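Now for the letters of each chain:
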Amino acid sequence: VHTTDFPGNYPGYDDAWDQRRFEGVFRVDIIREEEGALEFDMVGIDAAIANAFRRILLAEVPTMAVEKVFVYNNTSIVQDEILAHRLGLIPIRADPRLFEYRNQGDEEGTEIDTLQFQLKIKCSRNPQAAKESSDPNELYFNHKVYSKHMTWVPLGNQTDLFPDADFRPVHDDILIALLRPGQEIDVLMHCVKGIGKDHAKFSPVATASYRLLPDITLLQPIEDEAAEMLQKCFSPGVIEIQNIKGKKVARVANARLDTFSREVFRHEGLKNLVRLARVRNHYIFSVESTGILPPDVLVSEAIKILMGKCQRFLNELDSVPME
């Protein structure tokens, strides 16, 4: 992250300097990697490429999700259609790279294109519950239907194909329905491979966004009370105050943390002392996975898809006859 206290500190400084500094250079920097989340920088690319990459993450990286629900019995208050919709939105921990796309029109799934899950549960009374109790957790058994109640039912020779597989919902505590004594749900689900462009349930990310790197320039020294006021105008960590020869002097510590609130422009004494800009070809990406695949794998798959699109475009250009 580049910030500067005073433009005069840089020989030959001019207004176009921040536009030229990364031209001709492309790099990817991993900033933060956690379980389910990844933040990285892509430097030296055009906005169209950055947005294409974001849209691929949202809509073209495939995942497995519930596509068909066969309802054998549903006496809960949740209608069959709503139940099927809720089941479809539960993220399934299954690597889509292990499966093929199901052919359109196929009614029966096979071991290479379908995962089968069963949800069979019935609510009953707890005979040991206290008579004066009004807590459903004490009065009933299985009155809450969770995603953990979904069990994988292997199709064909999937047990041999995936001996170490642990196909299941990503989260065990997703509430599907509430039951009362005598009510039950008995359904069979088929999970297939798909992309977010077809339905949002196939999208592998909770969020995939980017923003331009902020660039904050202090046009002249800001000291004492003005420095403290300036620090309050920005997000924590953006501006720090140093003690130099008995004076409090403000400096830009980490412009990356800025949220561009523009609060500084509300103060007459500060608005002409600060320049806010963005580095036009430095993109800060944030990718949060739904848990189906790790975010670094999603980014890798998105890059492969983008490369494939570019290659197809080049092949089409080569196939066009030149006049």
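Here the structure is a predicted model, which means the values were calculated and not measured.

Engineer: Please provide a residue-by-residue account of helix 6 (residues 224-233), values included.
Structural biologist: Those residues of helix 6 not exposed but buried are A227, L230 and C233. End-on, the buried residues of helix 6 take up no more than an arc of 115°, which puts them together on one face. Facing away from the buried surface of helix 6 by more than 90 degrees, the exposed residues are E225 and K232. Check the buried side of helix 6 and you find it contacts strand 13 (205-218), strand 14 (239-244), strand 15 (247-252) and strand 16 (274-289).

Engineer: Describe in detail the sheet that holds strand 1 (residues 27-34), supporting the description with residues and values.
Structural biologist: A sheet is described by the order of its strands in space; here 4 strands give the open sequence 1-2-16-13, paired in antiparallel fashion. Two strands close off the open sheet at either side, each with one partner strand: strand 1 and strand 13. Along the sheet, successive strands turn relative to each other by an average axial angle of 25°, direction set aside. Where strand 1 lies against strand 2 (residues 37-43), 7 bridges are found, and the strand directions are antiparallel. Bridged to D29 within strand 2 is D41.

Engineer: With reference to specific residues and values, describe the packing of aromatic side chains.
Structural biologist: Under the defined criterion, the tally for this structure stands at 9 aromatic pairs. For the pair F40 and F285, a centre-to-centre distance of 5.3 Å together with 5° between the ring planes defines the contact as stacked. Here F40, found in strand 2, pairs with F285, found in strand 16; they are 245 residues apart in sequence, far enough to count as distant. Seen in terms of ring centroids, W152 and F167 are 4.9 Å apart; in terms of plane orientation they differ by 90°. Their pairing is edge-to-face. Here W152, found in strand 9 (residues 151-152), pairs with F167, found in the loop between helix 5 (158-161) and strand 10 (168-169); they are 15 residues apart in sequence, far enough to count as distant. The class of F167 is buried, set by a relative accessible area of 8%. The structure contains a cluster of three or more aromatic residues connected by ring pairs, namely F40, F53, Y210, Y283 and F285. Cation over ring: K193 sits above Y101, and NZ or CZ is 4.8 Å from the ring centre. Sitting over the face of the ring of F260, R278 holds its NZ or CZ atom 3.8 Å from the ring centroid.

Engineer: Let's hear about the UniProt feature "domain: DNA-directed RNA polymerase RpoA/D/Rpb3-type" (unreviewed entry) in the chain: which residues, and what values?
Structural biologist: With numbering matched to this structure, UniProt assigns "domain: DNA-directed RNA polymerase RpoA/D/Rpb3-type" (unreviewed entry) to residues 37-316. In the segment residues 37-316, helix accounts for 22% and strand for 35%; the C-alpha atoms at its two ends are 36 Å apart.

Engineer: Would you mind going over unusual backbone geometry in detail, with residue names and values included?
Structural biologist: The phi angle at K245 is positive, at roughly 55°, despite the residue not being glycine. Structurally, the position occupied by K245 is in the loop between strand 14 and strand 15. Relative accessible area serves as the criterion here: at 84%, K245 is assigned to the exposed category.

Engineer: Explain helix 3 (residues 80-88) residue by residue, including any values.
Structural biologist: Among all positions of helix 3, only L83, L87 and G88 are buried. The buried residues of helix 3 occupy an angular sector of 135° when projected down its axis, which confines them to one face.

Engineer: Go over the pattern of salt bridges, please, and point to the residues and values.
Structural biologist: Per the stated rule, a full pass over the model turns up 17 salt bridges. Ionic pairing is found between E60 and K197, a salt bridge with its closest N-O pair at 4.0 Å. Residue E60 is located in the loop between helix 2 (47-59) and strand 3 (63-74), and its partner K197 is located in the loop between strand 12 (184-194) and strand 13; the two are separated by 137 residues in the primary sequence. Classification of K197 as exposed rests on a relative accessible area of 54%. Here K201 ties to E67 by a salt bridge, and the two come within 3.0 Å at their closest N and O atoms. One end of the pair, K201, is in the loop between strand 12 and strand 13; the other, E67, is in strand 3, and 134 residues separate them in sequence. Look at E67 and you get partly exposed, because its relative accessible area is 42%.

Engineer: Describe the environment of I303, listing the residues and the values that go with them.
Structural biologist: Along the chain, I303 falls in helix 7 (residues 295-319). With relative accessibility at 39%, the residue I303 sits in the partly exposed group. Each C-alpha atom, one on I303 and one on V61, is 9.8 Å from the other, the two residues being 242 residues apart in sequence.

Engineer: Explain a nonpolar patch on the surface to me, using residue names and the numbers behind them.
Structural biologist: A surface patch of nonpolar side chains, amounting to about 290 Å² of accessible area, comprises F26, V28 and I30. Note on placement: F26 falls in the loop between helix 1 (17-20) and strand 1. On the accessibility criterion, F26 (48% relative accessible area) is partly exposed.

Engineer: With reference to specific residues and values, describe the environment of S289.
Structural biologist: Secondary-structure assignment places S289 in strand 16. Residue S289 is classed as buried on the basis of its relative accessible area, which comes to 10%. Ignoring any residue separated from it by four or fewer positions in sequence, one finds S289 in contact with G36, P204, V205, A206, P295 and L298. Side-chain polar atoms of S289 contact the backbone oxygen of L293, separated by 2.5 Å.

Criteria and thresholds
- Residues numbered from 1 in each chain as written.
- Predicted model: local features only at pLDDT ≥ 70, side-chain atom pairs only at ≥ 80, totals over all residues.
- Heavy atoms only, no water.
- Buried < 20%, exposed > 50% of the residue type's maximum accessible area, 1.4 Å probe, protein only.
- Helix = DSSP H or I, 4+ residues; strand = E, 2+ residues; numbered from the N terminus.
- Arc of directions from axis to C-beta.
- Contact = heavy atoms within 4.5 Å.
- Pairing = 2+ DSSP bridges.
- Axes fitted to C-alpha atoms, helices over the stretch in contact; angles between N-to-C directions.
- Phe/Tyr/Trp six-rings, centres within 6.5 Å; stacked < 30°, edge-to-face > 60°.
- Lys NZ or Arg CZ within 6 Å of the ring centre and 35° of its normal.
- UniProt positions renumbered as here; feature names shortened; annotations may be inferred.
- Salt bridge = Lys/Arg side-chain N within 4 Å of Asp/Glu carboxyl O.
- Patch = residues over 30% accessible without salt bridge, like charges linked within 9 Å, V, L, I, M, F, W, Y side chains within 5 Å.
- Areas by Shrake-Rupley, 256 points an atom, 1.4 Å probe, with all protein chains shown as cover.
- Polar contact = N/O pair within 3.5 Å; in protein donor to acceptor, adjacent residues only side chain to side chain.

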